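Here is how the chains run, residue by residue.
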Amino acid sequence: MTSLFTNLFDGVAYGMLLFVLACGLAVTLGLMNFVNLAHGAFAMAGGYVCAVLVNRYGWPFFAGLPLAFASSALIGVVLERSLYRHLYSRSHLDQVLFSVGLVFMSVASVDYIMGSSRVFITIPQALEGQIDFFGVGIGRYRLMIIVICGFLTLALQLVLARTRFGSRLRAAVDDPRAASGLGINVPQVFAFTFAFGCGLAGLGGALSAEILGLDPYFPLKFMIYFLIVVTVGGSSSITGPFLASLLLGIGDVAGKYYVPKMGPFVIYTMMIVILIWRPNGLFGRTAAR
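Residues numbered from 1 in each chain as written. Predicted model: local features only at pLDDT ≥ 70, side-chain atom pairs only at ≥ 80, totals over all residues. Heavy atoms only, no water.

1. A few points about helix 10 (residues 239-258)
In plain terms, the rule: Each helix is a run of DSSP H or I of at least 4 residues and each strand a run of E of at least 2, with the numbering of both proceeding from the N terminus. By this rule the span expected of a helix is its residue count minus one, scaled by 1.5 Å. Think of it in three bands: residues with accessible area under 20% of the maximum for their type are buried, residues over 50% are exposed, and the middle band is partly exposed, with areas taken using a 1.4 Å probe on protein chains only.
Compared with an ideal rise of 1.5 Å per residue, which puts 20 residues at 28 Å, helix 10 spans 28 Å between its outermost C-alpha atoms and is within 8% of the ideal. Within helix 10, burial applies to Gly240, Pro241, Phe242, Ala244, Ser245, Leu246, Leu248, Gly249, Gly251, Asp252, Val253 and Gly255.

2. Some thoughts on a nonpolar patch on the surface
What counts, and what does not: Only residues above 30% relative accessible area that lack a salt bridge enter a patch, with like-charged residues linked at up to 9 Å and the nonpolar side chains Val, Leu, Ile, Met, Phe, Trp and Tyr linked at up to 5 Å. Only the protein chains shown count as cover for residues, and the accessible areas themselves come from Shrake-Rupley with a 1.4 Å probe. Put simply, a salt bridge is a Lys or Arg side-chain nitrogen that is within 4 Å of an Asp or Glu carboxyl oxygen.
Together, Leu4, Tyr257, Tyr258, Val259, Met262 and Phe265 line one region of the surface with nonpolar side chains, adding up to about 620 Å² of accessible area. For Val259, the position within the fold is in the loop between helix 10 and helix 11 (263-277). With a relative accessible area of 40%, Val259 lands in the partly exposed category.

3. Examining the pattern of salt bridges
The final tally for this structure, using the stated rule, is 6 salt bridges. Here Asp10 makes a salt bridge to Arg142, at a shortest N to O gap of 3.7 Å. Here Asp10 is found in helix 1 (residues 2-31), whereas its partner Arg142 is found in helix 5 (residues 140-162), with 132 residues between them in sequence. We classify Arg142 as partly exposed; its relative accessible area is 32%. One salt bridge connects Arg81 with Glu80, and the closest N-O pair in it is separated by 2.6 Å. Look at the salt bridges and you will find they share partners, linking Arg118, Asp215 and Lys221 into a network.

4. So, the side chain of Asp252
Applicable threshold: Note on contacts: a residue pair qualifies if any of its non-hydrogen atoms lie within 4.5 Å across the two residues.
Within the secondary structure, Asp252 is located in helix 10. In contact with Asp252, not counting residues within four places along its chain, are Tyr14, Gly263 and Ile267.

5. Quick look at the packing of helix 9 (residues 218-233) against helix 11
Each packed pair of helices is defined by two parameters, the angle between the axes and the distance between the axes. Note the cut-off: Geometry is summarised by axes, namely lines fitted to C-alpha atoms with helices restricted to the contacting stretch, and by angles between N-to-C directions that run from 0 to 180 degrees. Orientation categories follow fixed angle ranges, with anything under 35 degrees roughly parallel, anything over 145 roughly antiparallel, 65 to 115 roughly perpendicular, and all other angles oblique. Crossing handedness is read from the near helix: turned anticlockwise from the far helix by less than a right angle, it gives a left-handed crossing, and turned clockwise, a right-handed one. Residues are grouped as follows: Ala, Val, Leu, Ile, Met, Phe, Trp, Tyr, Cys and Pro are nonpolar; Asp, Glu, Lys and Arg are charged; every other residue, Gly included, is polar.
Across the interface, helix 9 lies against helix 11 with an axial gap of 10 Å and an inter-helix angle of 25°. Accordingly, the angle class assigned to the pair helix 9 and helix 11 is roughly parallel. Read as a crossing pair, helix 9 and helix 11 show a hand that is left-handed. Within the contact between the two elements, helix 9 uses Ile224, Tyr225, Ile228, Thr231 and Val232 and helix 11 uses Ile267, Tyr268, Met271, Ile274 and Leu275. Classifying every residue of the contact of helix 9 with helix 11 gives 9 nonpolar, 1 polar and no charged.

6. Focus: the packing of helix 9 against helix 10
At a minimum axis distance of 8 Å, the contact between helix 9 and helix 10 shows a crossing angle of 125°. Judged by the angle between their axes, helix 9 and helix 10 are oblique. Here the hand of the crossing between helix 9 and helix 10 comes out right-handed. Contacts from Tyr225, Ile228, Val229, Val232 and Gly233 of helix 9 reach helix 10 at Gly240, Pro241, Ala244, Ser245, Leu248 and Lys256. Of the residues in the contact of helix 9 with helix 10, the class split is 7 nonpolar, 3 polar and 1 charged.

7. Thoughts on helix 11
Selection rule: The arc under discussion is defined with respect to the helix axis, by the directions toward the C-beta atoms.
Counted at 1.5 Å a residue, the expected span for helix 11 with its 15 residues is 21 Å, and the 22 Å between its end C-alpha atoms agrees. Turning to helix 11, its buried residues number three or more, namely Gly263, Val266, Ile267, Met270, Met271 and Ile274. Down the axis of helix 11, the buried set is contained in an arc of 130°. They therefore lie on one face. Of the surrounding secondary structure, the elements contacted by the buried residues of helix 11 are helix 9 and helix 10.

8. Things to note about the pairing of strand 2 (residues 136-139)
Across a regular strand the side chains alternate sides, sitting on one face of the sheet and then on the other. Using the following cut-off: Paired strands, in this sense, are two strands between which DSSP finds at least two bridges.
Residues of strand 2 alternate between two faces, with Val136 and Ile138 on one and Gly137 and Gly139 on the opposite face, all of them buried. Taken together, the 4 bridges between strand 1 (residues 130-133) and strand 2 define a ladder with antiparallel strand orientation. From the neighbouring strand, Asp132 faces strand 2, where its bridge partner is Gly137.

Everything listed here is a matter of geometry and, on its own, says nothing about what the molecule does.
Shown next, in the form of structure tokens:
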């Protein structure tokens, strides 16, 4: 039973991490109807910024996290204003080809600048080790991830569902011309949303560096995980990807622990079963373009 609860806790932590890494893609794909397969490159950028600040310059870990968010968001603003904005009205195939090209460019650039060795971020000593809770080993770092990611999930849901900006974003996506006629600055709303999604990816990259590690091929290795989370959860809301992340995180950890030989295939099996049952995802709906 103790191993069961330990695996459950680790699965929840991994699922929360997957959600923070993938929710930016859920925002751009579900709310902006833009397929950005270069999402992992922004996560990698935030992770490397935090790693350089903490490992090389001795910054505190918690001071590096906001810089990881800000740096990825800034890169997102620059690319959105200069490149991405010209593809909003193009086909999904054009968006996929463009973003995949950016992924390979980012891989080559990071490999040239940072090298190909895997990098881990030095975490504070207080976050190392485990807490014994009634015989269940609870990792301190994973507990911190659950707290931070849980807060971000609630904040994101409130911003998109209960604020004026969330309503403006939905209006801009549903009918940009009518939204502009009502005085909504559609390009500014899209730029801010895209930057915020990239910032969340950068924050997720920094938080995941200690668990997953960083290397130039990070965007390629985890691209499929981001897509699975959004596909299984459905791209029409934030609730779907969140629950899908938890479900897939728990299933992936449990599969690798209980059936190690088949562990890597568990998450794909779950995806196939769910999509056969709900082709548009758990909370998906048929999208109109």
